[in-house]
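Structural overview
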Amino acid sequence: MSAHVPNTPREAAEAARPLVLTAFRIVVGLLFACHGAASLFGVLGGAKGGGTVPLGQWPGWWAALIQLVGGVLVLLGAGTRTAALLCSGSMAYAYFTVHQEHALLPLQNGGEASVMFCWAFLTIAVLGSGPYALDRLLTRRAVAGPAEPAAQPTSAG
C-alpha cells in the first residue's frame with residue numbers, strides 16, 4: 001500500500017502537523033532548559049552574562065529551577081501539558097514583575113523572551129505533546145498492559 005501524497009499545500013501542512021508540533025515542543029523545551037542550566041550552574045554563559053543565581057533566592061533561583069525541570073519535561077514530552085502550563089505561568093509572572101515596570105512594550109523593556117516563552121508554552125499546553133513524546137509511549141504501554149508470556153512448545157511424545 002502506498003502512502004498518500006498531499007495534493008495541496010493545505011494537505012501538506014496537515015500531514016506535517018504532528019512532526020512540526022513535536023519539533024516545536026522539543027526546541028522550546030531545550031531552549032528553556034538551557035536558560036535554567038545557565039542560571040543554576042553557570043554554564044552556557046551563566047546567569048545574565050556570568051555566574052549563577054544564589055541558591056533559594058526569590059524569584060530567580062526558583063524561576064531557573066522551573067526553567068530547567070519544566071524545559072526538560074517538555075523536551076521529553078513527559079507531563080507535557082502540566083509542565084508547559086507551569087512554564088507559561090512562570091514567564092507571565094517574570095514579564096509582569098520584572099520587565100513591565102521598565103516600559104509598556106516588550107521591545108522597550110527587554111521582555112521579548114519572556115513573552116515568547118509564555119505564549120509558546122501556552123500553545124504547547126493547549127495542543128499537547130504531539131505524537132512523538134514520552135507521554136504517548138507510556139500511555140500506549142499502560143493501555144496495552146503487560147505482554148503475554150510466550151506459549152511453551154509441548155512435546156508430542
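The structure contained in this document is the topic of the report that follows. Everything quoted here is computed from the prediction, not taken from an experiment.

For the rest of this paragraph, the subject is the overall build of the chain. Scanning the chain for helices and strands turns up six helices and zero strands. Start at the N end of the chain and walk to the C end: the helices and strands fall as α-α-α-α-α-α. When contacts within the chain are restricted to residue pairs at least 6 apart in sequence, long-range pairs at least 24 apart make up 62% of them. Here the chain has roughly 10,400 Å² of accessible surface; of this, 69% comes from carbon and sulfur atoms.

Here the focus is the packing of aromatic side chains. Enumeration according to the criterion identifies six aromatic pairs in this entry. Plain terms: the ring middles of Tyr95 and Phe96 are 5.2 Å apart, the flat faces sit at 80° to each other, and that makes the pair edge-to-face. The exposure class assigned to Tyr95 is buried, which follows from its relative accessible area of 7%. In textbook terms, an aromatic cluster arises when at least three aromatic residues are bridged by ring pairs, as seen for Phe32, Phe117 and Phe121.

Once that is clear, we can look at the packing of helix α3 (residues 80–99) against helix α5 (residues 112–127). Here α3 crosses α5 at 155°, and the two axes come no closer than 8 Å. Our classification of the angle between α3 and α5 gives roughly antiparallel. For the element pair α3 and α5, the recorded crossing hand is left-handed. The residues of α5 that touch α3, namely those facing Thr80, Arg81, Ala84, Leu85, Cys87, Ser88, Met91, Ala92, Ala94, Tyr95 and His99, are Ser114, Val115, Phe117, Cys118, Phe121, Leu122, Ile124, Ala125, Val126 and Leu127. Residues of the contact of α3 with α5, tallied by class, amount to 16 nonpolar, four polar and one charged.

Turning next to helix α1 (residues 9–41). Here α1 contains 33 residues, and its C-alpha end-to-end distance of 45 Å stays within 8% of the 48 Å for a straight helix at 1.5 Å per residue. The largest bend in α1 is about 50°, located at Arg17, with the proline Pro18 one to four residues further on. Of all the residues in α1, the buried ones are Leu21, Thr22, Arg25, Val28, Gly29, Phe32, Ala33, Gly36, Ala37, Ala38, Ser39 and Leu40. Just beyond α1, the residue with positive phi is Gly42, at close to 75°.

Let's shift gears to unusual backbone geometry. Here Trp58 and Pro59 are connected by a cis peptide whose omega angle stands at -5°. Counting through the fold element by element, Pro59 comes out in the loop between α1 and α2 (60–76). Within the chain, Leu44 stands out as a residue other than glycine whose phi angle is a positive 55°. Relative to the elements of secondary structure, Leu44 occurs in the loop between α1 and α2. For Leu44, a relative accessible area of 65% corresponds to the exposed category.

This next bit is on the side chain of Thr80. Here Thr80 lies in helix α3. Thr80 gets classed as buried once you look at its relative accessible area, which sits at 1%. Setting aside chain neighbours within four positions, we find Thr80 in contact with Arg25, Val74, Ile124, Gly128, Ser129 and Asp135.

So, how was this worked out
- Residues numbered from 1 in each chain as written.
- Predicted model: local features only at pLDDT ≥ 70, side-chain atom pairs only at ≥ 80, totals over all residues.
- Heavy atoms only, no water.
- Helix = DSSP H or I, 4+ residues; strand = E, 2+ residues; numbered from the N terminus.
- Contact = heavy atoms within 4.5 Å.
- Areas by Shrake-Rupley, 256 points an atom, 1.4 Å probe, with all protein chains shown as cover.
- Phe/Tyr/Trp six-rings, centres within 6.5 Å; stacked < 30°, edge-to-face > 60°.
- Buried < 20%, exposed > 50% of the residue type's maximum accessible area, 1.4 Å probe, protein only.
- Axes fitted to C-alpha atoms, helices over the stretch in contact; angles between N-to-C directions.
- Parallel < 35°, antiparallel > 145°, perpendicular 65-115°, else oblique.
- Left-handed = near helix turned anticlockwise from the far one by under 90°.
- Nonpolar A, V, L, I, M, F, W, Y, C, P; charged D, E, K, R; others polar.
- Expected span 1.5 Å × (residues − 1).
- Bend = angle between axes of the 7 residues up to and from the residue.

The analysis is restricted to geometry; functional conclusions fall outside its scope.
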